[in-house]
Amino acid sequence: MYVIGTAGHVDHGKSLLVEALTGIDPDRLREEKTRGMTIDLGFAWLSLPGGASVSIVDVPGHERFIKNMLAGAGGIDLALFVVAADDSVMPQTLEHLAILDLLGVSRGVVAITKRDLVDGEWLALVESDVREMLRGSALEGAPIVLCSSVTREGLDELVREIEVAVEVLPPKRDVARPRLPIDRVFTIAGFGTVVTGTLIDGELAVGDELEAVPGGRRGRIRGLQSHRDTVERALPGTRTAVNLTGIAKEHLRRGIVLARPGEIRGSRAVDVRLRAVHALRLPLRHNLAVTFHSGADEANGQVRLLDADELPAGATAWAQVMLDSPVAVLRGDRFVIRTANDTVGGGVIADVAARRHRRRDPKVLATLEAMLSDAPEDRVVDLVQRRPLIDAAAIATQLGLPPAVVDPLVEAMVGGGVLNSVGARGGLVAAAYVRDVAARARALAAAYHRDHALKPGMPTEEFRSRLALDDQMFSALMPLLDGVHVAGAAVALDEFAPALSESEQRVVDEYLTALGESAENPTSGIAIDAALLAFLIDTDVVVSVGGGIVYGKPALDGMIARIRAHIEAHRTITLAETRDMFGTSRKYAQALLEFLDRSRITRRVGDERVLR
């Protein structure tokens, strides 16, 4: 199902032409009937000779209602561009053509209406003017049909041209991420809230839960209609009416988007590729105040040019639009910007979660280029770099690409070493990102080793924090980081091993000799630097039993063996027996027994110890 949108100057016969083609009067408002002028969007549908059916959105042509025209133009596939033979090309003719160009509507049929009001010579001049107007635009080369809605002359030919144009339109995109930009909201007695719009990017079914963005209110689909036919499922590209439960009419408006919960967020800053219209009278300047239009929504905003100070007619630039209120848009969506009276530019959205950038930053500009690259692999890598641990399904949703495109592409990129698959859930990270983290990790570990040469490595939690990684990312990346490893509760370089200098070795030898001589009764007179002592403890050369008391490892092992043998022979041992066994003081004996308790060798029962 495709959508045709009318375009053209006010009073050039758009609505009358739609009624002549479809039998449906798209002017539904009383004021439209009274004034004989389309004010808001009108809707109809046309059955083509081959059996296909297309929706038609009729838009107003008057300059005062351009924002309404933009609300209807966002979801069209084919333009029915209307020029009246008695007026020829007029101001809104040109503005509507510029808007279609900015929105990427590159297929259309031109109808020169009211041919019954002019003679052949004048009609030829008008046709020549129209061809000249189309030159260089998105509709250059579109078929031109001379017709009259009153006499019906040329209407059959017009329908045939529409059918030919529809037949070569590309299939509607379905990325399993349905969006319905609302263009009408009303209530029906007995049914409640009803909204209409052109469904894009996926299917909707009765019973689906939907979220209104911005706003966040949630409801459920009670019923669906397309062309007044009740359906259980609406397909992408169809004009769809949705009967909602759970959301009142007062909480909805034109421009709000219905989507699956959590799939779209409101954006207040968007990075864009901006093009100034060719008819621009003055260059667009940095920090220009504009109205931003995308889909059926609009918001006031300010344009920040990122690689220029001003943008002349027809030129393009990277820009950031700061919005006064959130809009529900996604990367790749088209937009238009207007000042108070003129359409001045538009283009394509690159990022919907934009941060404030430094102007003329080469890295920022290169990132934006990748975001809008025609090559899917560039877009995948860019997204994964900015959102690591994302999976393939989320990539397809975020980029608006079918899973059938993304899945084999991701598989090939993992196999080619461009992406890494990590974590139990199959998250993806860019290989370049992993290399960057690995380089920072090696530098961090090396600096720590220089300052703490006797320690086994930086404590793991400190290391994670210094790398600015959350727990999930740290756990996922550590196996991929070349050159570093987790050793117990520390992280160290692969080639690192704590080692003593010659002078430190002499001090340690003297300390161990003195400790050995004191054997089972260490004295407080034996001192050593705290860092050296920590090294000896970490390397299991000596053991601290608590209270500042340290034993050589061989001596301690011998003492533990004697205590164990005593208990096996006598079933228990007391503090006094321990003290007498080693000829030591109560302080040392108590520290030794408490160490054995902590080591789960012994267990205290009253004033005695037993083996565990």
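Residues numbered from 1 in each chain as written. Predicted model: local features only at pLDDT ≥ 70, side-chain atom pairs only at ≥ 80, totals over all residues. Heavy atoms only, no water.

### What to know about the overall build of the chain
Turning to step 1, where the next piece is worked out: When helices and strands are counted, the chain shows 18 helices and 33 strands.
Turning to step 2, where the next piece is worked out: In terms of overall size, the chain is more extended than a compact globule, its C-alpha atoms giving a radius of gyration of 38 Å where 612 residues would be expected to give roughly 25 Å.
Turning to step 3, where the next piece is worked out: Projected onto its principal axes, the C-alpha positions of the chain cover 130 × 55 × 40 Å.
Turning to step 4, where the next piece is worked out: A total of 612 residues make up the chain; the buried ones form 50% of that total.
Turning to step 5, where the next piece is worked out: As displayed, the chain has an accessible area near 28300 Å², and 49% of this comes from carbon and sulfur atoms.
Turning to step 6, where the next piece is worked out: Distance between charge centroids for the chain: 5 Å, based on 71 positive and 83 negative side chains. (Helix = DSSP H or I, 4+ residues; strand = E, 2+ residues; numbered from the N terminus. Rg over C-alpha atoms; globule rule 2.2 N^0.38 Å. Buried < 20%, exposed > 50% of the residue type's maximum accessible area, 1.4 Å probe, protein only. Areas by Shrake-Rupley, 256 points an atom, 1.4 Å probe, with all protein chains shown as cover. Lys, Arg positive; Asp, Glu negative; His and termini not counted. Charge placed at Lys NZ, Arg CZ, Asp CG, Glu CD.)

### A few points about helix α17 (residues 575-582)
Turning to step 1, where the next piece is worked out: Every buried residue of α17 is listed here: Leu-575, Thr-578 and Phe-582. When α17 is viewed along its axis, its buried side chains cluster within an angular range of 65° and face the same direction.
Turning to step 2, where the next piece is worked out: In the core, the buried residues of α17 are packed alongside α16 (553-570), β31 (573-574) and α18 (586-598).
Turning to step 3, where the next piece is worked out: One or two steps after α17, the chain reaches Gly-583, where phi turns positive at roughly 60°. (Arc of directions from axis to C-beta. Contact = heavy atoms within 4.5 Å.)

### What about unusual backbone geometry?
Turning to step 1, where the next piece is worked out: Cis rather than trans, the peptide bond between Val-213 and Pro-214 has omega equal to -5°.
Turning to step 2, where the next piece is worked out: Structurally, Pro-214 is set in the loop between β10 (209-213) and β11 (218-226).
Turning to step 3, where the next piece is worked out: A positive phi is found at Arg-571, a non-glycine position, where the angle reads about 75°.

### What to know about the packing of helix α8 (residues 376-386) against helix α9 (residues 392-399)
Turning to step 1, where the next piece is worked out: Where α8 contacts α9, the axes come no closer than 11 Å and their chain directions differ by 110°. Regarding the angle of α8 to α9, the classification is roughly perpendicular. In contact with Arg-379, Val-380, Leu-383 and Val-384 of α8, α9 contributes Ile-395, Gln-398 and Leu-399.
Turning to step 2, where the next piece is worked out: In terms of residue class, the contact of α8 with α9 is built from five nonpolar, one polar and one charged. (Axes fitted to C-alpha atoms, helices over the stretch in contact; angles between N-to-C directions. Parallel < 35°, antiparallel > 145°, perpendicular 65-115°, else oblique. Nonpolar A, V, L, I, M, F, W, Y, C, P; charged D, E, K, R; others polar.)

### Let's talk about α18
Turning to step 1, where the next piece is worked out: Across its 13 residues, α18 extends 18 Å between first and last C-alpha, which sits within 8% of the 18 Å expected from 1.5 Å per residue.
Turning to step 2, where the next piece is worked out: Within α18, burial applies to Tyr-588, Ala-589, Ala-591, Leu-592, Leu-593, Phe-595, Leu-596 and Asp-597.
Turning to step 3, where the next piece is worked out: Just past α18, the residue Arg-600 takes up positive phi, approximately 60°. (Expected span 1.5 Å × (residues − 1).)

### Re the sheet that holds strand β3 (residues 53-58)
Turning to step 1, where the next piece is worked out: Spatial strand order, β2-β3-β1-β4-β5-β6: six strands in an open sheet with mixed pairing. The outermost strands of the open sheet, each flanked by one partner alone, are β2 (42-47) and β6 (144-146). Mean inter-strand twist for the sheet, computed between neighbouring axes without regard to direction, equals 25°.
Turning to step 2, where the next piece is worked out: Where strand β4 (residues 78-84) and strand β5 (residues 108-113) come together, six bridges link them in parallel fashion. When the bridges of β5 are listed, Val-83 appears paired with Ile-112.
Turning to step 3, where the next piece is worked out: Those strands touched by helix α4 (residues 91-102) are β1 (2-7) and β4, and its axis lies near 170° from that of β4. (Pairing = 2+ DSSP bridges.)

### Observations regarding the sheet that holds strand β19 (residues 297-305)
Turning to step 1, where the next piece is worked out: Pairing is antiparallel in the closed barrel, where six strands are placed in the order β16-β21-β19-β18-β22-β23. With direction set aside, neighbouring strand axes in the sheet form an average angle of 40°.
Turning to step 2, where the next piece is worked out: Here strand β22 (residues 334-338) runs beside strand β23 (residues 343-351); their pairing, made up of five bridges, is antiparallel. Within the sheet, the bridge partner assigned to Ile-337 lies in β23 and is Gly-345.

### A short note on the pairing of strand β18 (residues 288-294)
Turning to step 1, where the next piece is worked out: Within β18, six of the seven residues are buried, which leaves the element mostly enclosed by the surrounding structure.
Turning to step 2, where the next piece is worked out: Bridging between β18 and β19 involves seven bridges; their strand directions are antiparallel. Across the sheet, residue Val-290 finds its bridge partner in β19, namely Gly-301.
Turning to step 3, where the next piece is worked out: Counted along the chain from β18 to the antiparallel partner β19, the turn is two residues long, and its residue Gly-295 has a positive phi close to 60°.

### Thoughts on the packing of helix α7 (residues 362-371) against α8
Turning to step 1, where the next piece is worked out: Two numbers describe how α7 lies on α8: the axes approach to 8 Å, and their chain directions differ by 125°. The angle between the axes of α7 and α8 places the two elements in the oblique class. Residues Thr-367, Ala-370 and Met-371 of α7 touch α8, and the partners they reach there are Asp-378, Arg-379, Asp-382 and Arg-386.
Turning to step 2, where the next piece is worked out: For the contact of α7 with α8, the per-class residue count stands at two nonpolar, one polar and four charged.

### Quick word on the environment of Pro-456
Turning to step 1, where the next piece is worked out: Note that Pro-456 resides in the loop between α11 (431-451) and β26 (458-459).
Turning to step 2, where the next piece is worked out: Residues Pro-456 and Ala-497 lie 41 residues apart in sequence; the distance between their C-alpha atoms is 7.0 Å.
Turning to step 3, where the next piece is worked out: If near-sequence neighbours (up to four positions away) are discounted, Pro-456 is found in contact with His-449, Ala-490, Ala-492, Phe-496, Pro-498 and Asp-538.

### Some points on the confidence of the model for the chain
Fine structural detail should not be taken from predicted coordinates in areas where pLDDT scores are low.
Turning to step 1, where the next piece is worked out: In the predicted model, the chain carries a mean pLDDT of 88, and the fraction of residues at 70 or more is 93%.
Turning to step 2, where the next piece is worked out: A low-confidence stretch, residues 29-39 (pLDDT under 50), is modelled with 22 contacts involving residues beyond four sequence positions or located in other chains. (pLDDT = per-residue confidence, 0-100.)

### Considering the side chain of Thr-343
Turning to step 1, where the next piece is worked out: Within the fold, Thr-343 resides in strand β23.
Turning to step 2, where the next piece is worked out: A polar side-chain atom of Thr-343 sits 2.6 Å from a polar atom in the side chain of Glu-95.
Turning to step 3, where the next piece is worked out: Looking at Thr-343, its side chain comes within polar contact range of the side chain of Arg-338, at 2.9 Å. (Polar contact = N/O pair within 3.5 Å; in protein donor to acceptor, adjacent residues only side chain to side chain.)

### Considering the environment of Gly-219
Turning to step 1, where the next piece is worked out: As for its position among the elements, Gly-219 is in strand β11.
Turning to step 2, where the next piece is worked out: Considering only alpha carbons, one finds Gly-219 and Leu-258, 39 residues apart in sequence, at a separation of 9.5 Å.

### A closer look at the pattern of salt bridges
Turning to step 1, where the next piece is worked out: Considering all chains together, one arrives at 27 salt bridges under this definition.
Turning to step 2, where the next piece is worked out: Taking the shortest distance from any N to any O, the salt bridge between Asp-436 and Arg-440 comes out at 3.5 Å. One end of the pair is Asp-436 and the other is Arg-440, both in helix α11 and four residues apart, which spans about a single turn.
Turning to step 3, where the next piece is worked out: Put simply, Arg-173, Arg-177, Arg-179, Asp-201 and Asp-333 are held in one network by salt bridges that share partners. (Salt bridge = Lys/Arg side-chain N within 4 Å of Asp/Glu carboxyl O.)

### Side note on the side chain of Gln-92
Turning to step 1, where the next piece is worked out: In this structure, Gln-92 sits in helix α4.
Turning to step 2, where the next piece is worked out: By relative accessible area, which is 7% here, Gln-92 ends up buried.
Turning to step 3, where the next piece is worked out: Of note is the side chain of Gln-92, whose polar atom sits 2.9 Å from the side chain of Glu-95.

### Quick word on the packing of aromatic side chains
Turning to step 1, where the next piece is worked out: In the structure shown here, the tally under the stated rule is two aromatic pairs.
Turning to step 2, where the next piece is worked out: Measuring from centroid to centroid gives 5.4 Å for Phe-292 and Phe-335, while their planes differ by 15°, and the two rings are stacked. Of the two residues, Phe-292 sits in strand β18 while Phe-335 sits in strand β22, which places them 43 residues apart along the sequence. Comparing Phe-292 with Phe-335, the two get one shared label, buried.
Turning to step 3, where the next piece is worked out: Residues Phe-463 and Phe-474 carry aromatic rings whose centres are separated by 6.4 Å and whose planes lie at 65° to one another, so their mutual orientation is edge-to-face. A residue pair is termed long-range when its members are at least 10 positions apart, and Phe-463 in helix α12 (residues 460-466) and Phe-474 in helix α13 (residues 471-477) qualify at eleven residues. (Phe/Tyr/Trp six-rings, centres within 6.5 Å; stacked < 30°, edge-to-face > 60°.)

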